Amino acid sequence: MSGKRSAATIGCITVLLAALAATSLAGCASGLPDRAALANEADDAAITAGVREALARDPRVTESDVDVRTYQGIVRLSGYVASTDSVGAAASVARTVKGVRSVRNDLRLK
């Protein structure tokens, strides 16, 4: 075949090159951070900080050892507080923070 390639050979090479290009692009895309996930993490960190600040300012939540965690706007309060009033107050305060979708209150009495 004096320098000419058959249509079948050209078709196979084209399919192979397309598959390699698609695989390379997919690999590159998977290495990039998901913007929505990064935004959610930043929002959750801001919500956690806001809840901690609000709890520290509220006089009803005294002598507390409260852990605050946030995932997709859902705040989880855990740890120990001095009174039953503090348990309810902590959840109430957390709900006032911008971005909080719901509060899971797992606080316990000391």
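Residues numbered from 1 in each chain as written. Predicted model: local features only at pLDDT ≥ 70, side-chain atom pairs only at ≥ 80, totals over all residues. Heavy atoms only, no water.

Asker: Explain the side chain of Asp 44 here, please?
Answerer: Along the chain, Asp 44 falls in helix α2 (residues 35-57). Among buried charged residues, Asp 44 stands out as having no salt bridge; its nearest opposite-charge side chain is Arg 101, 7.4 Å away. Among all residues touching Asp 44, those that are not within four sequence positions of it are Thr 70, Tyr 71, Gln 72 and Gly 73. (Helix = DSSP H or I, 4+ residues; strand = E, 2+ residues; numbered from the N terminus. Buried < 20%, exposed > 50% of the residue type's maximum accessible area, 1.4 Å probe, protein only. Lys, Arg positive; Asp, Glu negative; His and termini not counted. Salt bridge = Lys/Arg side-chain N within 4 Å of Asp/Glu carboxyl O. Contact = heavy atoms within 4.5 Å.)

Asker: Would you mind showing me how to read the sheet that holds strand β3 (residues 102-109) here?
Answerer: Here we have three strands laid out as an open sheet, ordered β1-β2-β3, and mixed in their pairing. The open sheet has two free edges, formed respectively by β1 (65-71) and β3, since each of these has just one partner strand. The mean angle between the axes of side-by-side strands here comes to 10°, regardless of whether they run parallel or antiparallel. As paired elements, strand β2 (residues 74-81) and β3 share eight bridges and run parallel to each other. Looking across to β3, one finds that Val 81 is bridged to Leu 109. Against the sheet, α2 makes contact with β1 and β2, and its axis sits at roughly 155° relative to β1, the strand it touches most. Across the sheet, helix α3 (residues 84-95) touches β2 and β3, and the angle it forms with β3 is around 160°. (Pairing = 2+ DSSP bridges. Axes fitted to C-alpha atoms, helices over the stretch in contact; angles between N-to-C directions.)

Asker: I keep staring at the side chain of Asp 58 and nothing clicks. Help me out?
Answerer: Mapped onto the elements of the fold, Asp 58 is located in the loop between α2 and β1. We classify Asp 58 as buried; its relative accessible area is 13%. Reaching out from Asp 58, the side chain makes a polar contact with the backbone nitrogen of Arg 60 at a distance of 2.7 Å. (Polar contact = N/O pair within 3.5 Å; in protein donor to acceptor, adjacent residues only side chain to side chain.)

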